[in-house]
Amino acid sequence: MVQFHDPRAEVGVQIDPYTLSVDIARSNRARVACLANGFPDSARFLEKIQEVLNEQHPNVEVVQFDKGNASIAAPEAMLAEIEGMDAAIAAYGH
């Protein structure tokens, strides 16, 4: 007879659910920034995220940003533009 050991431990901390600060399902016109960090496929991944968001939430305006270089910080002008959005999604690729 073979016995399998389940390696998962019991949760040791209280679960603290994350709640979004912007409910895009209830918003009339949410603006979401997608920031790719410049690694390969980070921009393409966020384009796919945008496609799904547009399908499921047509009221959401998604604006794509791409640093173009993973080794630098996002330019101040880009960050200022992102700051004006309702929400932001950042991604890296490989």
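Residues numbered from 1 in each chain as written. Predicted model: local features only at pLDDT ≥ 70, side-chain atom pairs only at ≥ 80, totals over all residues. Heavy atoms only, no water.

Peer 1: Teacher, can you tell me more about the pairing of strand β1 (residues 31–36) here?
Peer 2: A regular strand places its side chains on the two faces of the sheet in alternate fashion. Most of β1 is tucked away, with five of its six residues classed as buried. Both β1 and strand β2 (residues 61–66) contribute to a ladder of six bridges, which runs parallel. In the strand pairing of β2, Cys 34 is matched with Gln 64. A crossover links β1 with its parallel partner β2, the connecting element being helix α1 (residues 42–56), and its sense is right-handed. Of the strand pairs in this sheet, β1 and strand β3 (residues 87–91) are connected by five bridges, and their pairing is parallel. (Buried < 20%, exposed > 50% of the residue type's maximum accessible area, 1.4 Å probe, protein only. Helix = DSSP H or I, 4+ residues; strand = E, 2+ residues; numbered from the N terminus. Pairing = 2+ DSSP bridges. Right-handed = clockwise from strand over helix to strand, strands pointing away.)

Peer 1: In this structure, what is going on with the environment of Arg 44? I would like to understand it.
Peer 2: Its place among the elements puts Arg 44 in helix α1. A relative accessible area of 42% places Arg 44 in the partly exposed class. At a separation of 3.2 Å, a polar atom in the side chain of Arg 44 contacts the side chain of Glu 47. (Polar contact = N/O pair within 3.5 Å; in protein donor to acceptor, adjacent residues only side chain to side chain.)

Peer 1: I tried to follow unusual backbone geometry on my own but got confused; where do I start?
Peer 2: Excluding glycine, residues mostly have negative phi values, and the peptide bonds linking residues are mostly trans. You will see that Asp 41, though not glycine, has its phi angle at about 75°, which is positive. Inspection of the secondary structure puts Asp 41 in the loop between β1 and α1.

Peer 1: Got a minute to help me understand the nonpolar core in this structure?
Peer 2: Grouped together as the largest cluster of nonpolar side chains are ten residues: Ile 24, Ala 30, Val 32, Cys 34, Ala 36, Leu 46, Leu 53, Val 60, Val 62 and Ala 91. Residue assignment for this core shows that the elements contributing at least two residues are β1 and α1. Top element by residues in this core is β1. It accounts for three residues. In contact with Ala 91, other than residues within four places in its own chain, are Leu 35, Ala 36, Asn 37, Ser 42, Phe 45 and Leu 46. If you look at the next biggest cluster of nonpolar residues, it comprises eight residues, including Leu 35, Met 78, Ile 82 and Met 85. (Core = buried A, V, L, I, M, F, W, Y, C linked by side-chain atoms within 4.5 Å. Contact = heavy atoms within 4.5 Å.)

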